[in-house]
Amino acid sequence: IFIKTEYRLEKVALDDILYIEGMRDYRRIHNRERRIMTLQTFRELEQELPKSMICRVHKSFMVSLDKIVSVEKDRIRINGVMIPISDTYRKSFLELINR
């Protein structure tokens, strides 16, 4: 996909995305090599990203399902980072990973 960042569109491979973190007005896309900042909203990103690959799990986080190492109670571990799962997104997230 192409992500709007600063004054350009930057190509980001879906397979490289680990998770997306909300930071006030910005979203930070974490991948294996770097982090990309964008002003795109979570709603815009959700429309562009395939739901079968990347899932919203918290008001401030989306995760790449195939990068999840473990799920512990209300947290997800990806690449050594613990990401919270909120009550709002828990049911849809659990349905996705239990398929």
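Residues numbered from 1 in each chain as written. Predicted model: local features only at pLDDT ≥ 70, side-chain atom pairs only at ≥ 80, totals over all residues. Heavy atoms only, no water.

A.B. asks: What should I look at first to understand the sheet that holds strand E5 (residues 35–38) in this one?
C.D. replies: Strand order across the open sheet formed by 5 strands is E5-E4-E3-E7-E6, with antiparallel pairing between neighbours. Every other strand in the sheet has two partners, leaving E5 and strand E6 (54–58) as the edge strands with one partner each. Each strand axis lies, on average, 20° off the axis of its neighbour in the sheet, ignoring direction. The pairing of strand E4 (residues 26–31) with E5 spans 4 bridges and is classified as antiparallel. Across the sheet, the residue bridging to His30 is Arg35, located in E5. (Pairing = 2+ DSSP bridges. Helix = DSSP H or I, 4+ residues; strand = E, 2+ residues; numbered from the N terminus. Axes fitted to C-alpha atoms, helices over the stretch in contact; angles between N-to-C directions.)

A.B. asks: Got a minute to help me understand the pairing of E6 in this structure?
C.D. replies: Walk down a regular strand and you will see the side chains alternate between the two sheet faces. Within E6, 5 of the 5 residues are buried, which leaves it mostly tucked inside the rest of the structure. Of the pairings in the sheet, the one linking E6 to strand E7 (residues 61–64) comprises 4 bridges and is antiparallel in character. Directly across from His58, in E7, lies its bridge partner Phe61. Linking two consecutive strands that pair antiparallel, namely E6 and E7, is a turn of 2 residues. (Buried < 20%, exposed > 50% of the residue type's maximum accessible area, 1.4 Å probe, protein only.)

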